[in-house]
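Summary of the model geometry
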Amino acid sequence: MTRVQAPLTLAVVGFGAIGEALARALLGDDRVRLAQVVVSPASLDAAQAACAALALDVRVASTLDLGPGQRPDLVVECAGHAAVLAHVLPALRAGIPCAMASVGALHDAELFAQLEAAAQEGGARLQLVSGAIGAIDALAAARFGGLDEVTYVGRKPPLSWTGTPAEQAFDLARLASPQVIFRGSAREAARQFPKNANVAATVSLAGLGLDRTQVELVADPGVTRNVHAVIARGAFGRLELQMENLPLAANPKTSALTVYSLVRAVRNAAVGIAI
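Here the structure is a predicted model, which is why all the values come from computation and not from measurement.

Examining the sheet that holds strand 2 (residues 32-38)
Two modes of strand pairing occur in sheets, parallel and antiparallel, and in both the strands are linked by backbone hydrogen bonds. Ordered by their spatial adjacency, six strands build an open sheet running 3-2-1-4-5-6, and the pairing between neighbours is parallel. The open sheet terminates on both sides in strands that have one partner only, identified here as strand 3 (59-61) and strand 6 (126-128). Neighbour-to-neighbour, the strand axes of this sheet turn through a mean angle of 20°, independent of strand direction. Examined bridge by bridge, strand 4 (residues 74-77) and strand 5 (residues 98-100) share three bridges and lie parallel to one another. Counterpart to V76 in the pairing with strand 5 is A99.

Quick notes on the side chain of T213
Looking at the element boundaries, T213 is found in the loop between helix 8 (198-206) and strand 9 (214-219). Among the residues examined, T213 registers a relative accessible area of 0% and is labelled buried. Only 2.7 Å separates the side chain of T213 from the backbone oxygen of G209, close enough to count as a polar contact. Residues in contact with T213, not counting those within four places in the same chain, are V150, G184, S185, A186, V203, S204 and L208.

Regarding the pattern of salt bridges
Scanning the model with the defined rule gives eleven salt bridges in all. Among the ionic pairs, D148 bridges to R233, the shortest N-O distance being 3.4 Å. You can see D148 sitting in strand 7 (residues 147-156) and its partner R233 sitting in strand 10 (residues 226-234), a full 85 residues away along the chain. When its relative accessible area of 46% is taken as the criterion, D148 is described as partly exposed. For R187, the salt bridge identified is with D211, shortest N-O distance 2.8 Å. Of the two residues, R187 is situated in helix 7 (residues 186-192) and D211 in the loop between helix 8 and strand 9; the sequence distance between them amounts to 24 residues.

Describing the layout of surface pockets
Computed from the structure, the largest pocket encloses a volume of approximately 590 Å³. Forming the boundary of the largest pocket are 28 residues, of which I18, S102, K195, N198 and T254 lie nearest the centre. At four residues, strand 13 (residues 251-255) tops the list of elements feeding residues into the lining of the largest pocket. Looking at the lining of the largest pocket residue by residue, the classes come out as ten nonpolar, 15 polar and three charged. Residues from two domains meet in the lining of the largest pocket; each of domain 1 (8-132 + 256-270) and domain 2 (136-244) gives at least three. Volume-wise, the second largest pocket comes out at about 410 Å³. Where the lining of the second largest pocket is concerned, the elements lending two or more residues are strand 6, helix 5 (136-142), helix 8 and helix 9 (256-270). With four residues, the single largest contributor to the lining of the second largest pocket is helix 9. For the lining of the second largest pocket, the class distribution of residues is nine nonpolar, five polar and three charged. The residues that make up the lining of the second largest pocket include at least three from each of domain 1 (8-132 + 256-270) and domain 2 (136-244).

Quick notes on the nonpolar core
In summary, soluble globular proteins display a tendency toward joint burial of nonpolar side chains. By size, the foremost hydrophobic cluster in this structure holds 55 residues, and its most contacted members are L115 and V203. Residue contributions to this core peak at six residues, all from helix 3 (residues 81-93). When residues are assigned to domains, this core turns out to be shared by domain 1 (8-132 + 256-270) and domain 2 (136-244), each giving three or more. Apart from the residues within four sequence positions on either side, V203 is in contact with I133, I136, L139, V150, Y152, T213 and V230. Counting residues in hydrophobic clusters, the runner-up holds 34 residues, among them V12, A47, V259 and V266.

Comments concerning the UniProt feature "active site" (unreviewed entry) in the chain
Taking the numbering used here, the UniProt-annotated feature "active site" (unreviewed entry) corresponds to H228. Following the sequence through the fold, H228 ends up in strand 10. Judged by relative accessible area, H228 falls into the buried class, the value being 2%. For H228, the residues in contact, after removing those within four places along its chain, are A132, I133, Y152, V153, K156, V199, L241, Q242, M243, N245 and S255.

Here is what the cut-offs are and how they apply
- Residues numbered from 1 in each chain as written.
- Predicted model: local features only at pLDDT ≥ 70, side-chain atom pairs only at ≥ 80, totals over all residues.
- Heavy atoms only, no water.
- Pairing = 2+ DSSP bridges.
- Helix = DSSP H or I, 4+ residues; strand = E, 2+ residues; numbered from the N terminus.
- Axes fitted to C-alpha atoms, helices over the stretch in contact; angles between N-to-C directions.
- Buried < 20%, exposed > 50% of the residue type's maximum accessible area, 1.4 Å probe, protein only.
- Polar contact = N/O pair within 3.5 Å; in protein donor to acceptor, adjacent residues only side chain to side chain.
- Contact = heavy atoms within 4.5 Å.
- Salt bridge = Lys/Arg side-chain N within 4 Å of Asp/Glu carboxyl O.
- 1 Å grid on protein atoms, 1.4 Å probe; cavity = no way out; pocket = protein on both sides within 12 Å on 5 of 7 lines; lining within 4 Å.
- Points joined across faces, edges and corners; volume = space filled by probe spheres on them.
- Nonpolar A, V, L, I, M, F, W, Y, C, P; charged D, E, K, R; others polar.
- Domains from an automatic or database assignment.
- Core = buried A, V, L, I, M, F, W, Y, C linked by side-chain atoms within 4.5 Å.
- UniProt positions renumbered as here; feature names shortened; annotations may be inferred.

The following block contains the structure:
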């Protein structure tokens, strides 16, 4: 007799543009059951309305329910840095695997150590999703042979940098030529540009680390897509990757590929063979 596997029970932390797009992508997938949506108290009404519009039978609350019968099989975070501390840490301590999109939060060395300790305490695994960038598997493998240098260049339309320190230094709406708005370490990039530098943090954690990975962020009126480039050199040879990502329609600061990366993480957790 063939045994029918129960669907993966999923909790999503954050239901803004990314969380809602993730839920839409998983509709109709019998291998996954979205059971909980966790948002800030101020976002409860909007999240409940969005879930109702998608006809989702889901608990919407401001805290994770980890009690008997409610415990999820996987927690996916896509809510920003504060949510990592508030929700990912306790889930890991409770032994629940987590997938995290806000990788830039790990510029905080204390938070990194807390997450590592929580994962060990609960015997759970925290997956840092690749998000908007590719070649993370190659870069992470190359690290074991020895990396000499890794550079990440992020290039976005000027208005995508609205709400960042670039807004204070440049008239983003009137830029006529590309302007470098940041040059420095990945740790500092993630600290100054928390909503735009998750890719820089991901590249650094796969390779040379937050302090040795060089980052350049550019406001470029000549591009209409989010452009990410990674250049790495080491014992393996040389890697150069450039990606031109379409922004997520509901949030131009985020690449649509970020959502697809989360979909992949969820589906890989729900199947027996994954790539």
